[in-house]
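# Working through the structure, step by step
Here's the letter readout for the chains.
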Amino acid sequence: MTKTKKPFASLTNPSLMISSKNFNELNGTITYMESVPYDVTRQQLYSASELYQGYHLDDETSFSSCYDTLVYQHFVQTGKQAKLVNESLARAVHDHGIHTALNQFFETHDNRLCVGIMGGHALLRTDPVFHEITLLSKRLTEMGFFMLSGGGPGAMEAMHLGAWMAGRNAEEMDDAFRQLSAAPSFKDDGWLASAFRVMERYPQQQYVSLGIPTWLYGHEPSTPFATHIAKFFENSIREDSILTLAFGGIIYTPGSAGTMQEIFQDAVQNHYLSFGFASPMIFMGHQFWTEDMPIFPLLKQLSETGKYKNLLLTLTDKPEEVISELVRFRENT
């Protein structure tokens, strides 16, 4: 990806009716924005090839110098909470452009068909739950839904893998799982390369999925299986976007702190009908959500006592029940 050169050149005209001091400050800000490793004027969603520009499948070390890594390194060096005003402004302008691109995306994609899947980033590719999420996402995509996640590894990658492999047969799915199993964790060498090799072997041109990752968690690589990637600096914008845009409902698979945060943030939006509607909250994994992490009984009690209103709660171990709830909601909205 080639950065736009001198995007603010028209603003550096000294004939502008501002003082010399203000002009110098403005010029300094523009110069800084042109020096960062990301394009502050970007108003398009990323593709995997753009995000990982500079990465080569046959050279694992090239990951350290690809676009996404360089931006993350700059993000850390300049402070996750930006130390410089110019850096803070540059990130805000970039994120504004990505937000604009998301709005444009939903001008051509019906958000009533957008379904989110949330879950743990540490889920291994060899875990049966990974396969279950993948096959569920594949089927929902083939039924006309399009899938949304936080765009990272684990359960998020499983969801995007399923959307990417939509239309493929069981033999092709088994082959994809086999290739990915060579690097089960995102911490393993070959995790990214194996994903790109599956994408090369099974190209996708018909179906889409949307990943919304953040450089705040830049140590977790973004899954390349997402056909459209909205990567933000500000995690608060990113989290709100994930939960707001999944109009068709959200499926919660086993996760930890991040998933817990998303559950209660989603519950608040539904309680207040913040966007004029409440969407299904589907908890997949009876034992996990009632015993290991007993969130579902708590939400059910809060809903039954009126502490939370408008919650459309489902608890199941069966993909068929997940699909039925989502289809029922789609048909009634």
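Whatever comes next refers back to the structure up there.
Keep in mind that this is a model prediction, so the values were computed, not measured.

## As for the overall build of the protein chain
- When its secondary structure is counted, the protein chain shows 13 helices and seven strands.
- Counting only C-alpha atoms, the protein chain reaches 65 × 50 × 35 Å along its principal axes.
- Of all 333 residues assigned to the protein chain, the portion counted as buried reaches 51%.
- Expressed as a percentage of contacts within the protein chain between residues at least 6 apart in sequence, the contacts between residues at least 24 apart total 73%.

## Things to note about a negative patch on the surface
- On the surface, a cluster of negative charge is made up of Asp58, Asp59, Glu60, Asp188 and Asp189.
- Mapped onto the elements, aspartate 189 comes out in the loop between helix 7 (170-180) and helix 8 (191-201).

## Quick look at the packing of helix 9 (residues 235-245) against helix 10 (residues 257-272)
- Their axes nearest at 10 Å, the elements helix 9 and helix 10 cross at an angle of 55°. Considered as vectors, helix 9 and helix 10 are oriented oblique to each other. Viewed along their axes, helix 9 and helix 10 form a crossing whose handedness is right-handed. Taking contact as the criterion, the partners of Glu239, Asp240, Leu243 and Thr244 in helix 9 are, on helix 10, Gln261, Glu262, Gln265, Asp266 and Gln269.

## So, the nonpolar core
- Of all hydrophobic cores here, the largest spans 92 residues; its most connected members are Ile251, Phe283 and Trp289.
- For this core, the element with the most residues is helix 8, which contributes seven residues.

## Describing the environment of tyrosine 38
- With respect to the helices and strands, the residue tyrosine 38 is situated in the loop between helix 1 (20-35) and helix 2 (48-51).
- With relative accessibility at 0%, the residue tyrosine 38 sits in the buried group.
- Distance from tyrosine 38 to methionine 147, taken between C-alpha atoms, is 27 Å for residues 109 residues apart in sequence.
- Within the structure, tyrosine 38 has its side chain in polar contact with the side chain of glutamate 87 (distance 2.9 Å).

## Things to note about the packing of aromatic side chains
- Under the definition given, this model contains 19 aromatic pairs.
- Between tyrosine 46 and tyrosine 67, the aromatic rings sit 5.8 Å apart at their centres with planes inclined by 45°, giving tilted as the arrangement. Taken together, the residues tyrosine 46 in the loop between helix 1 and helix 2 and tyrosine 67 in helix 3 (residues 67-77) connect sequence positions 21 residues apart. For the pair tyrosine 46 and tyrosine 67, a shared accessibility class is recorded, and that class is buried.
- Members of the aromatic cluster, connected to one another through ring pairs, are Tyr38, Tyr46, Tyr67, Phe75, Trp215 and Phe233.
- A cation over an aromatic ring shows up here: arginine 42 above the ring of tyrosine 46, its NZ or CZ 4.1 Å from the ring centre.
- Lying over the aromatic face of phenylalanine 145, arginine 330 brings its terminal NZ or CZ to 4.3 Å of the ring centre.

## Some points on the pairing of strand 2 (residues 146-149)
- Here strand 2 shows no split at all, with Phe146 and Leu148 on one side and Met147 and Ser149 on the other all buried.
- Sheet topology places strand 1 (residues 114-118) next to strand 2; three bridges connect them, and they run parallel. Bridged to glycine 116 within strand 2 is leucine 148.
- Following the chain from strand 1 across helix 5 (residues 128-142) to the adjacent parallel strand 2, one finds a crossover that is right-handed.
- With three bridges connecting them, strand 2 and strand 3 (residues 209-211) associate as parallel partners.

## What about the sheet that holds strand 4 (residues 228-229)?
- Ordered by their spatial adjacency, seven strands build an open sheet running 4-3-2-1-5-6-7, and the pairing between neighbours is parallel. Looking along the sheet, the strands with just one partner apiece sit at the ends: strand 4 and strand 7 (312-316).
- On the sheet, helix 12 (residues 295-304) packs against strand 6 (280-284) and strand 7 and is oriented at approximately 150° with respect to strand 7.

## Overview of the pattern of salt bridges
- Under the counting rule described, the total for this entry stands at 13 salt bridges.
- Across the pair arginine 112 and aspartate 110 runs a salt bridge whose closest N-O atoms are separated by 2.8 Å.
- Taking relative accessible area as the criterion, arginine 112 reaches 40% and is therefore assigned partly exposed.
- Relative accessible area serves as the criterion here: at 31%, aspartate 110 is assigned to the partly exposed category.
- Arginine 125 is paired through a salt bridge with glutamate 157; the nearest N and O atoms lie 2.7 Å apart. On the criterion of sequence distance, the pair formed by arginine 125 in the loop between strand 1 and helix 5 and glutamate 157 in helix 6 (residues 155-164) is long-range, its members being 32 residues apart.

## Quick look at the pairing of strand 1
- The buried fraction of strand 1 is high, at five of five residues.
- Bridge count between strand 1 and strand 5 (residues 250-252): three bridges; the pairing is parallel. The partner of methionine 118 across the bridge, within strand 5, is tyrosine 252.

## A word on the environment of arginine 42
- Inspection of the secondary structure puts arginine 42 in the loop between helix 1 and helix 2.
- In the structure, arginine 42 is positioned 56 residues away from isoleucine 98 in sequence and 7.1 Å away in space, judged by C-alpha atoms.
- In terms of polar contacts, arginine 42 uses its side chain to reach the backbone carbonyl oxygen of glutamine 44, at 2.8 Å.
- Among the polar contacts made by the side chain of arginine 42, one reaches the main-chain carbonyl oxygen of leucine 45 at a distance of 2.9 Å.

Conventions we followed
Residues numbered from 1 in each chain as written. Predicted model: local features only at pLDDT ≥ 70, side-chain atom pairs only at ≥ 80, totals over all residues. Heavy atoms only, no water. Helix = DSSP H or I, 4+ residues; strand = E, 2+ residues; numbered from the N terminus. Buried < 20%, exposed > 50% of the residue type's maximum accessible area, 1.4 Å probe, protein only. Contact = heavy atoms within 4.5 Å. Patch = residues over 30% accessible without salt bridge, like charges linked within 9 Å, V, L, I, M, F, W, Y side chains within 5 Å. Areas by Shrake-Rupley, 256 points an atom, 1.4 Å probe, with all protein chains shown as cover. Salt bridge = Lys/Arg side-chain N within 4 Å of Asp/Glu carboxyl O. Lys, Arg positive; Asp, Glu negative; His and termini not counted. Charge placed at Lys NZ, Arg CZ, Asp CG, Glu CD. Axes fitted to C-alpha atoms, helices over the stretch in contact; angles between N-to-C directions. Parallel < 35°, antiparallel > 145°, perpendicular 65-115°, else oblique. Left-handed = near helix turned anticlockwise from the far one by under 90°. Core = buried A, V, L, I, M, F, W, Y, C linked by side-chain atoms within 4.5 Å. Polar contact = N/O pair within 3.5 Å; in protein donor to acceptor, adjacent residues only side chain to side chain. Phe/Tyr/Trp six-rings, centres within 6.5 Å; stacked < 30°, edge-to-face > 60°. Lys NZ or Arg CZ within 6 Å of the ring centre and 35° of its normal. Pairing = 2+ DSSP bridges. Right-handed = clockwise from strand over helix to strand, strands pointing away.

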